[in-house]
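# A closer look at the structure
Each chain, letter by letter, is given below.
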Amino acid sequence: MATNAQWLATANRMLNASPQTNNTIVLTEISGIDPITNAGTVIATDTIDRALITGFTNFERSNDGVGLTDRKVLFANNPRNTTMSNSLSCTVNGVEVNIVNVETDPANATIELHVSDK
């Protein structure tokens, strides 16, 4: 059985081999959000330079209530293992998006974000 490190290495190889992975994702973890200003203190920022962005299939759109502009963002799990929480914000190629859902594969090698436009 493959180890987590082996799965992560495979995920990185697959993502790096694709020409569609020239996308930059920035995950920012914030604490102490002020409800009036909607601003907080940045705890950590992770930049993922190789991410794959795809759309949803018509089947997924009809069954999951996915919006027309929603998309999937797939990347190899970053070394810091960013905690996916409500205090996390995300930009895709410099454009801020909402994180709708987060899925991690069983080996914890890749993360798939369901994001929508702000």
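A short tour of the structure in this document, coming up. (Residues numbered from 1 in each chain as written. Predicted model: local features only at pLDDT ≥ 70, side-chain atom pairs only at ≥ 80, totals over all residues. Heavy atoms only, no water.)

Before going further, it helps to examine the overall build of the chain. What the chain contains, in helices and strands, is two helices and seven strands. Buried positions account for 32% of the 118 residues belonging to the chain. For the chain, restricting intrachain contacts to residue pairs at least 6 apart in sequence, the fraction spanning at least 24 positions comes to 56%. When the accessible surface of the chain is totalled, it reaches about 7200 Å², and 53% of it is carbon and sulfur. (Helix = DSSP H or I, 4+ residues; strand = E, 2+ residues; numbered from the N terminus. Buried < 20%, exposed > 50% of the residue type's maximum accessible area, 1.4 Å probe, protein only. Contact = heavy atoms within 4.5 Å. Areas by Shrake-Rupley, 256 points an atom, 1.4 Å probe, with all protein chains shown as cover.)

Of note in this structure, Asn93 is not a glycine but carries a positive phi near 50°. With respect to the element layout, Asn93 can be found in the loop between strand S5 (88-92) and strand S6 (95-104). Given the relative accessible area of 43%, Asn93 is considered partly exposed.

What follows deals with the pattern of salt bridges. Across all of its chains, the model carries three salt bridges by this definition. Between Lys118 and Glu96 there is a salt bridge, with the nearest N and O atoms lying 3.4 Å from each other. Within this pair, whereas Lys118 is found in the segment after strand S7 (110-117), its partner Glu96 is found in strand S6, the two being separated by 22 residues in sequence. Judged by its relative accessible area of 62%, Lys118 is exposed. Take Glu96: its relative accessible area is 41%, and that puts it in the partly exposed class. (Salt bridge = Lys/Arg side-chain N within 4 Å of Asp/Glu carboxyl O.)

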